[in-house]
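Coordinate inspection notes
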Amino acid sequence: MNKAAQRLVVLAAAGIFVMGTMLGIKLSFASPESVADEPACEIKKVARGEVLSSNLVMVHVYNSSRRTGAANRVKINLERKGFLGGVAKNNPGKVRTKNVTVLTTDPDDPRVRLVAAQFEGKVERVPADFEMEDGISILIGPKYEGLKKDSNTKIKAGRDVSVCVPAITLP
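Residues numbered from 1 in each chain as written. Predicted model: local features only at pLDDT ≥ 70, side-chain atom pairs only at ≥ 80, totals over all residues. Heavy atoms only, no water.

In terms of helices and strands, the protein carries three helices and nine strands. For the protein, the succession of helices and strands along the chain, N to C, is α-β-β-β-α-β-β-α-β-β-β-β. By the compact-globule yardstick of 16 Å for 171 residues, the protein is too spread out, its C-alpha radius of gyration being 27 Å. Burial status across the protein gives 35% buried among its 171 residues. A separation threshold of at least 6 residues defines the contact pool for the protein, and within that pool the share at least 24 residues apart is 82%. Summed over all atoms, the accessible surface of the protein reaches about 11,500 Å², with 56% contributed by carbon and sulfur. The positive charge centre, built from 26 side chains, and the negative charge centre, built from 18, are 7 Å apart in the protein. (Helix = DSSP H or I, 4+ residues; strand = E, 2+ residues; numbered from the N terminus. Rg over C-alpha atoms; globule rule 2.2 N^0.38 Å. Buried < 20%, exposed > 50% of the residue type's maximum accessible area, 1.4 Å probe, protein only. Contact = heavy atoms within 4.5 Å. Areas by Shrake-Rupley, 256 points an atom, 1.4 Å probe, with all protein chains shown as cover. Lys, Arg positive; Asp, Glu negative; His and termini not counted. Charge placed at Lys NZ, Arg CZ, Asp CG, Glu CD.)

One number sums up the size of the largest pocket: a volume of about 180 Å³. Elements with a contribution of two residues or more to the lining of the largest pocket: strand E3 (58-63) and strand E9 (161-166). Ranked by residues supplied to the lining of the largest pocket, first place goes to E9 with three residues. When its residues are assigned to classes, the lining of the largest pocket shows seven nonpolar, three polar and two charged. (1 Å grid on protein atoms, 1.4 Å probe; cavity = no way out; pocket = protein on both sides within 12 Å on 5 of 7 lines; lining within 4 Å. Points joined across faces, edges and corners; volume = space filled by probe spheres on them. Nonpolar A, V, L, I, M, F, W, Y, C, P; charged D, E, K, R; others polar.)

Tallied over the full model, the rule gives two aromatic pairs. With 5.0 Å between their ring centres and 70° between their planes, tyrosine 62 and phenylalanine 130 make a pair best called edge-to-face. Here the residue tyrosine 62 occupies a position in strand E3, and phenylalanine 130 occupies one in the loop between strand E6 (123-126) and strand E7 (136-140), the gap between them amounting to 68 residues. Accessibility classification places tyrosine 62 together with phenylalanine 130 in one group, the buried group. Taking the centre distance of 6.2 Å and the plane angle of 70° together, the rings of phenylalanine 119 and tyrosine 144 count as edge-to-face. (Phe/Tyr/Trp six-rings, centres within 6.5 Å; stacked < 30°, edge-to-face > 60°.)

Further remarks concern helix H2 (residues 70-80). Inspection of H2 places Ala70, Ala71, Val74, Lys75 and Leu78 among the buried residues, and these make up the whole buried set. Down the axis of H2, the smallest arc covering the buried residues is 130°, so these residues share one side. Positive backbone phi, approximately 105°, marks glycine 82, located one or two places after H2. (Arc of directions from axis to C-beta.)

Before going further, it helps to spend a moment on the pattern of salt bridges. Under the defined criterion, the tally for this structure stands at four salt bridges. Across the pair lysine 44 and glutamate 42 runs a salt bridge, and its minimum N-O distance is 3.8 Å. You can call glutamate 42 partly exposed: its relative accessible area is 45%. Notably, a salt bridge pairs glutamate 79 with lysine 75, separated by 3.5 Å at the nearest N-O pair. Here lysine 75 and glutamate 79 lie together in helix H2, a separation of four residues that amounts to about one turn. (Salt bridge = Lys/Arg side-chain N within 4 Å of Asp/Glu carboxyl O.)

A separate point is the sheet that holds E7. The strand order across the open sheet formed by five strands is E4-E3-E7-E5-E6, and the pairing between neighbours is mixed. Two strands close off the open sheet at either side, each with one partner strand: strand E4 (84-90) and E6. Each neighbouring strand pair of the sheet contributes to a mean axis angle of 25°, computed without reference to strand direction. (Pairing = 2+ DSSP bridges. Axes fitted to C-alpha atoms, helices over the stretch in contact; angles between N-to-C directions.)

Written out as structure tokens, the structure is:
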């Protein structure tokens, strides 16, 4: 390669380096593009006397036992019954349970009744002592008896109820 071609290659490489540096600095100090707020969920109303099915109820499961992964296993099994799976975490509060406890301030809520009907043994209903997610939250205790095999995943709503169904937007 002759000297003129070498100089041209070095000059082009220097130009690309300077342009890349300028672009990098510009991107480093640029503010992010704003993203349109999309609703996290779509509100569906189930009128009194209509059927409330499991595919409209989001369930969050909290482990109140020492068994690792208990909340996740219960959440997966509830998803197999058609429920919408929420979070699966360790119990962040101080409320304890032996079998299953539904965290609610309204024990007559049709969603609470539907979720409680899925479990073997005594299911308690108590207020939560921590900030809960939208949906129904349950605690699984150390003497968890399991899910009923033949439980009904539909219930007639005893009153009007609004449910938050996650909104999914496809690209």
